[in-house]
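Structural description and commentary
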Amino acid sequence: MLSLLKQHVAQNGSDVAAAAAADAGSSPIFWFIVLGYFAVVLGFGSYFAKFNKSTSDFFFGGRRFSWWLITMSIVATGVGSHSFLKYSGKSFEHGFSGSMAYMNDWFFMPLFIFGWLPIIYYMKVRSIPEYFERRFNAKVRALATGVLLMYMLGYVGIGLLTMAKTLGPILGDTWSLMEIIWIVAVVAGVYITFGGQTAVIFTDLLQGFILLFAGILLFVLGLNWFGGFDAFWNTLPAEFKLPLSNFNDDPGFNFVGIFWQDAVAGSIGFLFMNQGLVMRFLACRSVDHGRKAAAFNILFALPISAIAVSCAGWIGYGMMTQDPTLVAPDTDPDEVFVIVTRILTTKAGFGFFVAAVTAALMSTVDTLINAISAVFLNDVYQPINKMRGVEHNDKHHLKVAMIASAAATVVGVGAAWAFSLFDNLYEAHGFFHSTFTPPLVACIFMGIFWRRFNTNGAIATFLAGTVMIILGRMLPYELIEPIAHGVPTTDPETGEALTTPFKYIGALYNLLACFGSGIIVTLLTSRDNKNLEGLTMFSLTAARKMFKGSAPNDAIGFPQTVTYKLDATLPEGAIRMDSEAMQHLAAEQGDLAYICDKRKWLGGLRSAHGHFDGMHDLGETVLLSQDVYDNGHFLAGKLLVVEKEF
Amino acid sequence: MDEFPNFDRAWLPYIYLYGVGGIFFLGGMFLIFKSKACNWARVSHRRWAKVLIFGYCWYATLHGVQIYAALNI
């Protein structure tokens, strides 16, 4: 294989990636692995469909899952469809700093862990636009809904198109771009439409493991190719090994710009404005588990993900220094992942890596589709029906949610088709994203942490912020250059002026424009006459109380392992235990309870929430009301663990 | 990537990252205590406050060690 690749490099230059991929695509084993992967994913959807009995199940998985399950699913969601190609390419060009965006997300964790997360959880905020109405008014909600829906639908289209472009060279001329897009969309659409959030979480769990395993395996194979870590390390120049890029020398890739774009704007956007991620945290069994999921993800999963998605670039660079006939110095960075993977693996192994890249796409798209469905139902369908005076039950809403998921998939395919025809549409989405997300981010941020921030300020953040951002694009030298930290505006090689200067550092200007507009208008206008209890981080005690319905009980108790019985006479949401168990739990009448199958590896799949209601004298048994029993999906003969929440 | 990186190239981004990033981080810590969102009297909140500080130190150490290794090992 190596000699074949070398021959291709000599003859065709950068076409080697397509040749290598097409070679693998001709193997039946390759197709067995890829199709097998699709079959497993579809199986997940049909299996988890039975766990969807309400919209709470469909969108939030019944708020039942353990932190580790959510962590792994977030890993899969965070590693986008283009991550392997993009970060391998960046790392091939810029070294270890190519993946620095994966390792700078901690700075806003205090505000997330003790601010945004408890607010959305305890206030049962089902979507970001809903928070805007509660915090400000219906107009701000409508504004946010429109922006979020357009952004997410466009993003589904881009994800599908990226995937098709990745798979294109592998499939050769037999499949067109749109055929590939339809196949991936149908597979993703089916399991999301029927399986909802539970299917998304479990599919993403599987996909998260595949992604990380594939990436780390590639790294190990690469190290083996060099003859060990020392040999690999010594091959690389010192600058290549630095984890942070040049401060401001390179206008195309500089530290200071990436800091403001990614570590600040990107981190806030990811943690605070990502509807899919918000829903994932709401699927946690408690705020504490949400905190654990977020912390573990950023502390450990992201550094591992950085290695997984970037290592092909490092290995490729090392190979290039050792044998330029194998990986040519002028290799297109976007092709490094495919070239390195094909060099290091067999055809079957390559199939596995294609499955991993597909997994990266599916796990991003499934989260977005579920999120779009939630925003449509919660912020479009229900408010319109409310205005018309029409009321529907939850069963009807569940149907609407499923139809919305299917429709979002189809619209996403339409967007992918449009993006494939017009390059300027792709650019338009990028423009839309960079223009409208900073105002949203600024609004949420100030809404949570600044009580004085008012509705006028929020509208100004949206409108004036957007106008200022557009002005910044039109007058970059006048508006952005003064705060650009000396980032050059000319191409370092040709000396010509860049057509789009301040590519990254522009984020600092955008943030200043939005925060500045919001702050100035808020200070110049009167306070909102509105009850903000539970909606800012200054009233979280009230939020907990509202969530529970009475004063929280924080006395420390111990979980109890018990058998269970159904008692259909108990009121809705009630469970009943004996006095000794209540004492061990430090629980009182009305306290919230979490009841879970004893097998921890299920991650809370078979669990439910309830509240303590009276006591019995049946010993180590918990009596469950009909709805708790139904929601828990408990299996006969299995032991349960009961915990007091607060 | 031929020249050996000087101090500005190697350490300036690190100082900026944990200096300016540190201001955001400390600002966040100040806000969560001021607002009483993080209540030191509660055991779990104390634990989480320590995790937050650990996270900052963890990444600062990780990046510091990486830079040191790139320059010296």
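Residues numbered from 1 in each chain as written. Chains lettered and ligands numbered in written order. Predicted model: local features only at pLDDT ≥ 70, side-chain atom pairs only at ≥ 80, totals over all residues.

Quick word on the overall build of chain A
Looking only at helices and strands, chain A features 25 helices and 6 strands. For chain A, the C-alpha radius of gyration of 26 Å lies close to 26 Å, the compact-globule estimate for 646 residues. The 646 residues of chain A split such that 56% are buried. Considering only contacts within chain A whose residues lie at least 6 apart along the sequence, 83% involve residues at least 24 apart. (Helix = DSSP H or I, 4+ residues; strand = E, 2+ residues; numbered from the N terminus. Rg over C-alpha atoms; globule rule 2.2 N^0.38 Å. Buried ≥ 20, exposed ≤ 12 C-beta atoms within 10 Å, placed from the backbone. Contact = placed C-beta atoms within 7 Å.)

Description of the overall build of chain B
Of the regular secondary structure elements, chain B holds 2 helices and 0 strands. Its C-alpha atoms give chain B a radius of gyration of 17 Å, clearly above 11 Å, the size a compact globule of 73 residues would have. Looking at chain B as a whole, 25% of its 73 residues are labelled buried.

Some details on the sheet that holds strand β1 (residues 560-566) of chain A
All names here are of chain A. Ordered in space as β1-β5-β2-β4-β3-β6, the 6 strands form a closed barrel in which the pairing is mixed. When the angles between neighbouring strand axes are averaged without regard to direction, this sheet yields 45°. Strand direction decides the pairing type here: strand β2 (residues 574-578) and strand β4 (residues 607-616), joined by 4 bridges, are parallel. Bridge pairing links aspartate 578 to histidine 616 in β4. (Pairing = 2+ DSSP bridges. Axes fitted to C-alpha atoms, helices over the stretch in contact; angles between N-to-C directions.)

A closer look at the confidence of the model for chain B
In the predicted model, chain B carries a mean pLDDT of 92, and 96% of its residues have values of at least 70. Interface predicted TM-score (ipTM) for the complex: 0.95; the corresponding pTM is 0.89. (pLDDT = per-residue confidence, 0-100.)

What to know about the packing of helix α3 (residues 28-48) of chain A against helix α17 (residues 347-388) of chain A
All names here are of chain A. Running from amino to carboxyl end, α3 crosses α17 at an angle of 30°, the nearest separation of the two axes being 7 Å. Between α3 and α17, the crossing angle belongs to the class labelled roughly parallel. The hand of the α3/α17 crossing is right-handed. Side by side, α3 and α17 meet where Ile29, Phe30, Ile33, Val34, Tyr37 and Val41 of the first sit next to Lys347, Ala348, Phe350, Gly351, Phe352, Val354, Ala355, Thr358 and Met362 of the second. Of the residues that constitute the contact of α3 with α17, the class distribution is 12 nonpolar, 2 polar and 1 charged. (Parallel < 35°, antiparallel > 145°, perpendicular 65-115°, else oblique. Left-handed = near helix turned anticlockwise from the far one by under 90°. Nonpolar A, V, L, I, M, F, W, Y, C, P; charged D, E, K, R; others polar.)

Concerning the interface of chain A and chain B
Contact with chain A, which involves 35 residues of that partner, is made by 35 residues of chain B. Put simply, the parts of the chain that give the side of chain A that touches chain B at least two residues each are α7 (109-122), α12 (238-241), α13 (255-273) and α15 (287-322) of chain A. For the side of chain A that touches chain B, the leading source of residues is α7(A), giving 6 residues.

Thoughts on the packing of helix α10 (residues 177-226) of chain A against helix α18 (residues 394-421) of chain A
All names here are of chain A. Here α10 crosses α18 at 160°, and the two axes come no closer than 9 Å. Between α10 and α18, the angle falls in the class roughly antiparallel. Crossing hand, α10 versus α18: right-handed. Two secondary-structure elements touch here, α10 through Leu177, Met178, Ile181, Trp182, Ala185, Ala188, Gly189, Ile192 and Thr193 and α18 through Met402, Ser405, Ala406, Thr409, Gly412, Val413, Ala416, Trp417 and Ser420. Classifying every residue of the contact of α10 with α18 gives 12 nonpolar, 6 polar and no charged.

Some thoughts on the nonpolar core
All names here are of chain A. In terms of nonpolar packing, the biggest core is built from 205 residues, with Phe112, Ile120, Leu160, Leu211, Ala356 and Ile505 touching the most fellow members. Alanine 356 has contacts with Ile210, Leu211 and Ala214, leaving out every residue within four places of it along the chain. Core analysis: the second largest hydrophobic core is formed by 25 residues, Tyr564, Tyr594, Ala608 and Leu623 among them. (Core = buried A, V, L, I, M, F, W, Y, C linked by C-beta atoms within 7 Å.)

So, the pairing of strand β3 (residues 592-597) of chain A
When a strand is regular, its side chains alternate between the sheet's two faces. Residue and element names in this part refer to chain A. Most of β3 is tucked away: 6 of the 6 residues are buried. Inspection of the sheet shows β3 paired to β4 by 5 bridges, in the antiparallel sense. Looking across to β4, one finds that alanine 593 is bridged to glycine 610. Bridge count for β3 against strand β6 (residues 640-644) is 5 bridges, and the pairing is antiparallel. The residue bridging cysteine 596 from the neighbouring strand is valine 641, located in β6.

Examining the environment of A:Phe422
Within the secondary structure layout, A:Phe422 lies in the loop between α18 and α19 (423-449). Once the C-alpha coordinates of A:Phe422 and A:Val327 are considered, the two residues, 95 residues apart in sequence, prove to be 32 Å apart.

What about α13(A)?
A bend of about 35° at A:Gly266 is the largest found in α13(A). Here α13(A) lies mainly inside the structure; 15 of its 19 residues are buried. (Bend = angle between axes of the 7 residues up to and from the residue.)

A closer look at unusual backbone geometry
All names here are of chain A. Of note, the phi angle at arginine 63 is positive, near 50°, even though the residue is not glycine. If you trace the backbone, arginine 63 turns up in the loop between α4 (55-60) and α5 (67-78). Assessed through the 25 C-beta atoms surrounding it within 10 Å, arginine 63 is described here as buried. The phi torsion at phenylalanine 502 lies on the positive side, around 60°, for a residue other than glycine. Residue position: phenylalanine 502 is located in the loop between α21 (476-479) and α22 (506-524). Here phenylalanine 502 falls in the buried class, since 25 other C-beta atoms lie within 10 Å of it.

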